[in-house]
Amino acid sequence: MHDRFDNIYNKVEVIVNQAQLSNYIETIFYVIGSDEFNSEFTGTTTKGTPQQNVDTYHNSFENICEHEIKMIIMLLQKTDDLQVVYVAGNHDEFVGWHMITWLAAYFKDVSRAKFDCSPKYRKYVSYGETAMMFNHGDAMKPAKLASIFPIEYRKKWSAHQNFYIFTGDKHHEISIDFGGIKFYQIPAFSNAKSSWDEKNGYTTSKAEVTGFLIDYEEGMTNIFKQYL
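The sections below set out a description of the structure shown in this document. These numbers were taken from a predicted model, which means no experiment stands behind them.

Quick notes on helix H3 (residues 93–106)
Along an α-helix, residues three or four positions apart point the same way, because every turn accommodates 3.6 residues. Taking 1.5 Å of rise per residue, 14 residues should cover 20 Å, and H3 covers 20 Å from first to last C-alpha, within 8% of that figure. Buried residues of H3: Glu93, Val95, Gly96, Met99, Ile100 and Leu103, and no others. Tucked into the core, H3 has its buried residues touching strand E1 (28–33), helix H2 (57–76), strand E2 (82–87) and strand E3 (113–116).

See the structure below:
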(Lines give C-alpha, C1' and ligand atoms only; values in the text may rest on other atoms or scores of the structure.)
Protein backbone atom coordinates (compact mmCIF):
# COMPACT_ATOMS: atom_id res chain seq x y z
CA MET A 1 0.00 0.00 0.00
CA HIS A 2 2.77 2.45 0.91
CA ASP A 3 4.60 1.74 -2.36
CA ARG A 4 1.46 2.67 -4.28
CA PHE A 5 1.04 5.82 -2.20
CA ASP A 6 4.63 6.83 -2.97
CA ASN A 7 4.10 6.18 -6.68
CA ILE A 8 0.98 8.35 -6.79
CA TYR A 9 2.69 11.10 -4.78
CA ASN A 10 5.66 11.16 -7.14
CA LYS A 11 3.54 11.16 -10.30
CA VAL A 12 1.33 14.01 -9.05
CA GLU A 13 4.43 16.03 -8.19
CA VAL A 14 5.83 15.42 -11.67
CA ILE A 15 2.61 16.71 -13.24
CA VAL A 16 2.57 19.89 -11.12
CA ASN A 17 6.26 20.50 -11.85
CA GLN A 18 5.61 20.08 -15.58
CA ALA A 19 2.77 22.59 -15.41
CA GLN A 20 4.96 25.06 -13.52
CA LEU A 21 7.63 25.07 -16.23
CA SER A 22 5.63 27.50 -18.37
CA ASN A 23 2.80 28.65 -16.08
CA TYR A 24 2.14 30.37 -12.79
CA ILE A 25 -0.07 28.01 -10.80
CA GLU A 26 -2.50 30.35 -9.09
CA THR A 27 -4.96 27.70 -7.85
CA ILE A 28 -4.96 23.91 -7.59
CA PHE A 29 -8.23 21.99 -7.40
CA TYR A 30 -7.35 18.67 -5.79
CA VAL A 31 -10.20 16.14 -6.02
CA ILE A 32 -10.27 13.33 -3.45
CA GLY A 33 -12.74 10.63 -2.45
CA SER A 34 -14.44 8.96 -5.44
CA ASP A 35 -13.73 5.37 -4.29
CA GLU A 36 -10.41 6.18 -2.65
CA PHE A 37 -11.48 3.50 -0.17
CA ASN A 38 -12.46 0.16 -1.69
CA SER A 39 -15.28 -0.25 0.82
CA GLU A 40 -17.07 1.25 3.78
CA PHE A 41 -16.10 0.21 7.33
CA THR A 42 -18.59 -2.65 6.88
CA GLY A 43 -16.38 -4.34 4.27
CA THR A 44 -18.99 -3.70 1.57
CA THR A 45 -19.69 -0.90 -0.88
CA THR A 46 -22.12 1.79 0.26
CA LYS A 47 -25.00 -0.22 -1.25
CA GLY A 48 -23.81 -3.45 0.38
CA THR A 49 -21.79 -5.34 -2.26
CA PRO A 50 -19.11 -7.41 -0.47
CA GLN A 51 -15.49 -6.40 -1.20
CA GLN A 52 -12.11 -8.04 -0.67
CA ASN A 53 -9.61 -5.69 1.02
CA VAL A 54 -5.88 -6.06 1.63
CA ASP A 55 -5.95 -4.54 5.13
CA THR A 56 -8.28 -3.72 8.00
CA TYR A 57 -10.55 -0.70 7.91
CA HIS A 58 -8.70 0.95 10.80
CA ASN A 59 -5.25 0.59 9.25
CA SER A 60 -6.53 1.64 5.84
CA PHE A 61 -8.20 4.78 7.16
CA GLU A 62 -5.09 5.80 9.08
CA ASN A 63 -2.75 5.10 6.14
CA ILE A 64 -4.92 6.86 3.56
CA CYS A 65 -5.28 9.95 5.77
CA GLU A 66 -1.51 10.05 6.29
CA HIS A 67 -1.04 9.80 2.52
CA GLU A 68 -3.42 12.70 1.92
CA ILE A 69 -1.62 14.82 4.53
CA LYS A 70 1.60 14.35 2.55
CA MET A 71 -0.18 15.13 -0.71
CA ILE A 72 -1.74 18.32 0.61
CA ILE A 73 1.52 19.54 2.15
CA MET A 74 3.29 18.95 -1.17
CA LEU A 75 0.60 20.77 -3.16
CA LEU A 76 0.68 23.72 -0.74
CA GLN A 77 4.32 24.15 -1.76
CA LYS A 78 3.20 24.59 -5.37
CA THR A 79 0.41 27.17 -4.97
CA ASP A 80 -0.95 29.82 -2.65
CA ASP A 81 -4.53 28.62 -3.13
CA LEU A 82 -5.32 24.92 -2.71
CA GLN A 83 -8.95 23.85 -3.08
CA VAL A 84 -9.55 20.29 -1.85
CA VAL A 85 -12.83 19.01 -3.29
CA TYR A 86 -14.50 15.88 -1.95
CA VAL A 87 -16.46 13.79 -4.47
CA ALA A 88 -18.52 10.92 -3.06
CA GLY A 89 -17.91 7.49 -4.57
CA ASN A 90 -20.22 4.50 -4.74
CA HIS A 91 -17.82 2.30 -2.73
CA ASP A 92 -17.01 4.77 0.08
CA GLU A 93 -19.66 7.49 0.30
CA PHE A 94 -19.55 7.67 4.09
CA VAL A 95 -15.96 6.76 4.95
CA GLY A 96 -14.81 9.19 2.22
CA TRP A 97 -16.76 11.96 3.94
CA HIS A 98 -15.17 10.99 7.27
CA MET A 99 -11.77 11.36 5.61
CA ILE A 100 -12.35 14.82 4.11
CA THR A 101 -13.79 16.21 7.36
CA TRP A 102 -10.84 14.72 9.27
CA LEU A 103 -8.42 16.40 6.86
CA ALA A 104 -10.28 19.71 7.08
CA ALA A 105 -9.89 19.62 10.86
CA TYR A 106 -6.20 18.71 10.55
CA PHE A 107 -5.51 21.72 8.30
CA LYS A 108 -7.99 24.11 9.96
CA ASP A 109 -5.27 26.67 10.73
CA VAL A 110 -3.88 26.71 7.16
CA SER A 111 -5.70 29.55 5.41
CA ARG A 112 -4.30 28.63 1.98
CA ALA A 113 -6.04 25.24 2.08
CA LYS A 114 -9.81 25.23 1.65
CA PHE A 115 -11.98 22.12 1.87
CA ASP A 116 -15.31 21.36 0.22
CA CYS A 117 -16.68 18.67 2.54
CA SER A 118 -20.25 18.74 1.27
CA PRO A 119 -21.74 15.26 0.64
CA LYS A 120 -23.46 16.50 -2.55
CA TYR A 121 -22.89 14.19 -5.51
CA ARG A 122 -22.08 16.94 -8.02
CA LYS A 123 -19.60 19.67 -7.15
CA TYR A 124 -19.28 22.92 -9.09
CA VAL A 125 -16.31 25.29 -9.11
CA SER A 126 -15.33 28.37 -11.09
CA TYR A 127 -11.95 29.60 -12.19
CA GLY A 128 -11.85 32.71 -14.37
CA GLU A 129 -13.86 32.07 -17.53
CA THR A 130 -14.24 28.38 -16.71
CA ALA A 131 -16.99 26.46 -14.89
CA MET A 132 -16.35 22.86 -13.84
CA MET A 133 -18.46 19.99 -12.54
CA PHE A 134 -16.99 17.07 -10.58
CA ASN A 135 -18.98 13.84 -10.19
CA HIS A 136 -18.02 10.23 -9.51
CA GLY A 137 -19.79 9.00 -12.64
CA ASP A 138 -21.48 5.87 -11.31
CA ALA A 139 -25.13 6.90 -11.45
CA MET A 140 -25.69 9.40 -14.26
CA LYS A 141 -24.80 9.10 -17.94
CA PRO A 142 -22.51 11.77 -19.46
CA ALA A 143 -25.34 13.31 -21.52
CA LYS A 144 -27.53 13.64 -18.41
CA LEU A 145 -24.72 15.37 -16.50
CA ALA A 146 -24.24 17.79 -19.40
CA SER A 147 -27.98 18.54 -19.55
CA ILE A 148 -28.30 19.46 -15.86
CA PHE A 149 -25.01 21.38 -15.63
CA PRO A 150 -26.45 24.73 -16.89
CA ILE A 151 -29.59 24.27 -14.81
CA GLU A 152 -27.95 23.50 -11.47
CA TYR A 153 -25.23 26.13 -12.02
CA ARG A 154 -27.57 28.69 -13.60
CA LYS A 155 -26.77 31.54 -11.21
CA LYS A 156 -23.15 31.59 -12.42
CA TRP A 157 -23.45 29.95 -15.85
CA SER A 158 -23.54 33.12 -17.96
CA ALA A 159 -20.36 34.43 -16.33
CA HIS A 160 -18.30 31.70 -18.05
CA GLN A 161 -17.13 30.80 -21.54
CA ASN A 162 -15.63 27.35 -20.93
CA PHE A 163 -17.42 24.34 -19.43
CA TYR A 164 -16.00 21.00 -18.29
CA ILE A 165 -17.30 17.88 -16.55
CA PHE A 166 -14.88 15.46 -14.86
CA THR A 167 -15.86 11.96 -13.70
CA GLY A 168 -14.20 8.61 -12.94
CA ASP A 169 -15.72 5.29 -11.79
CA LYS A 170 -15.45 3.29 -15.05
CA HIS A 171 -11.62 2.88 -14.89
CA HIS A 172 -10.99 3.92 -18.52
CA GLU A 173 -10.81 7.18 -20.44
CA ILE A 174 -13.60 8.83 -22.43
CA SER A 175 -13.94 12.37 -23.79
CA ILE A 176 -17.11 13.79 -25.36
CA ASP A 177 -18.11 17.26 -26.54
CA PHE A 178 -21.78 18.03 -25.76
CA GLY A 179 -22.30 21.22 -27.74
CA GLY A 180 -19.40 23.01 -26.07
CA ILE A 181 -19.61 21.25 -22.69
CA LYS A 182 -16.52 19.04 -22.58
CA PHE A 183 -16.89 15.75 -20.70
CA TYR A 184 -13.87 13.78 -19.44
CA GLN A 185 -14.02 10.36 -17.82
CA ILE A 186 -10.69 9.81 -16.08
CA PRO A 187 -8.96 6.40 -15.59
CA ALA A 188 -8.52 4.91 -12.12
CA PHE A 189 -5.36 5.17 -10.02
CA SER A 190 -5.30 1.41 -9.45
CA ASN A 191 -4.06 -1.40 -11.71
CA ALA A 192 -6.02 -3.97 -9.66
CA LYS A 193 -8.51 -5.91 -11.80
CA SER A 194 -11.70 -7.37 -10.38
CA SER A 195 -14.31 -9.68 -11.87
CA TRP A 196 -16.27 -6.52 -12.71
CA ASP A 197 -13.38 -5.26 -14.86
CA GLU A 198 -13.13 -8.64 -16.59
CA LYS A 199 -16.86 -8.80 -17.23
CA ASN A 200 -16.91 -5.33 -18.79
CA GLY A 201 -13.68 -5.75 -20.76
CA TYR A 202 -11.60 -3.21 -18.82
CA THR A 203 -8.67 -5.50 -18.02
CA THR A 204 -6.36 -3.74 -20.50
CA SER A 205 -6.94 -0.22 -19.16
CA LYS A 206 -3.85 1.34 -17.54
CA ALA A 207 -3.90 3.18 -14.23
CA GLU A 208 -2.84 6.79 -14.58
CA VAL A 209 -2.79 10.17 -12.87
CA THR A 210 -4.32 12.97 -14.94
CA GLY A 211 -3.94 16.71 -14.47
CA PHE A 212 -5.74 19.42 -16.43
CA LEU A 213 -4.22 22.88 -16.94
CA ILE A 214 -6.93 25.56 -16.95
CA ASP A 215 -5.99 29.03 -18.17
CA TYR A 216 -7.83 31.89 -16.46
CA GLU A 217 -9.32 33.12 -19.77
CA GLU A 218 -8.80 30.40 -22.38
CA GLY A 219 -9.89 27.40 -20.37
CA MET A 220 -8.14 24.04 -20.79
CA THR A 221 -4.79 24.43 -22.52
CA ASN A 222 -3.03 21.18 -21.60
CA ILE A 223 -3.56 17.68 -20.20
CA PHE A 224 -0.80 15.95 -18.24
CA LYS A 225 -0.61 12.18 -17.74
CA GLN A 226 1.59 9.91 -15.68
CA TYR A 227 1.11 6.13 -15.78
CA LEU A 228 1.16 4.20 -12.52
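Considering the nonpolar core
Val12, Tyr30, Ile72, Leu75, Leu82 and Met99 are the most contacted members of the largest nonpolar core, which has 34 residues in total. Elements with a minimum of two residues in this core: helix H1 (2–20), E1, H2, E2, H3 and strand E9 (208–215). Per-element tally for this core: the top contributor is H2, with nine residues. For Leu82, the residues in contact, after removing those within four places along its chain, are Ile28, Tyr30, Ile72, Leu75, Leu76, Arg112, Ala113 and Lys114. Counting residues in hydrophobic clusters, the runner-up holds 14 residues, among them Met133, Met140, Tyr153 and Phe183.

Side note on the layout of surface pockets
The volume enclosed by the second largest pocket comes to roughly 190 Å³. What lines the second largest pocket is a set of 14 residues, among which Gly137, Met140, Lys141, Pro142 and Lys170 lie closest to the centre. Put simply, the parts of the chain that give the lining of the second largest pocket at least two residues each are helix H4 (142–152) and strand E8 (181–185).

Here's the deal with the sheet that holds E2
Taken together, three strands build an open sheet; the order of strands is E1-E2-E3 and the sheet is parallel. A single partner strand is all that each edge strand has here, and the edge strands are E1 and E3. The sheet shows a mean angle of 25 degrees between the axes of neighbouring strands, taken without regard to direction. Where E2 lies against E3, four bridges are found, and the strand directions are parallel. For Val84, the partnering residue across the bridge sits in E3 and is Phe115. The strands touched by H2 within the sheet are E1, E2 and E3, with E1 carrying the most contacts at an inclination of about 175 degrees.

Parameters and conventions
- Residues numbered from 1 in each chain as written.
- Predicted model: local features only at pLDDT ≥ 70, side-chain atom pairs only at ≥ 80, totals over all residues.
- Heavy atoms only, no water.
- Helix = DSSP H or I, 4+ residues; strand = E, 2+ residues; numbered from the N terminus.
- Expected span 1.5 Å × (residues − 1).
- Buried < 20%, exposed > 50% of the residue type's maximum accessible area, 1.4 Å probe, protein only.
- Contact = heavy atoms within 4.5 Å.
- Core = buried A, V, L, I, M, F, W, Y, C linked by side-chain atoms within 4.5 Å.
- 1 Å grid on protein atoms, 1.4 Å probe; cavity = no way out; pocket = protein on both sides within 12 Å on 5 of 7 lines; lining within 4 Å.
- Points joined across faces, edges and corners; volume = space filled by probe spheres on them.
- Pairing = 2+ DSSP bridges.
- Axes fitted to C-alpha atoms, helices over the stretch in contact; angles between N-to-C directions.

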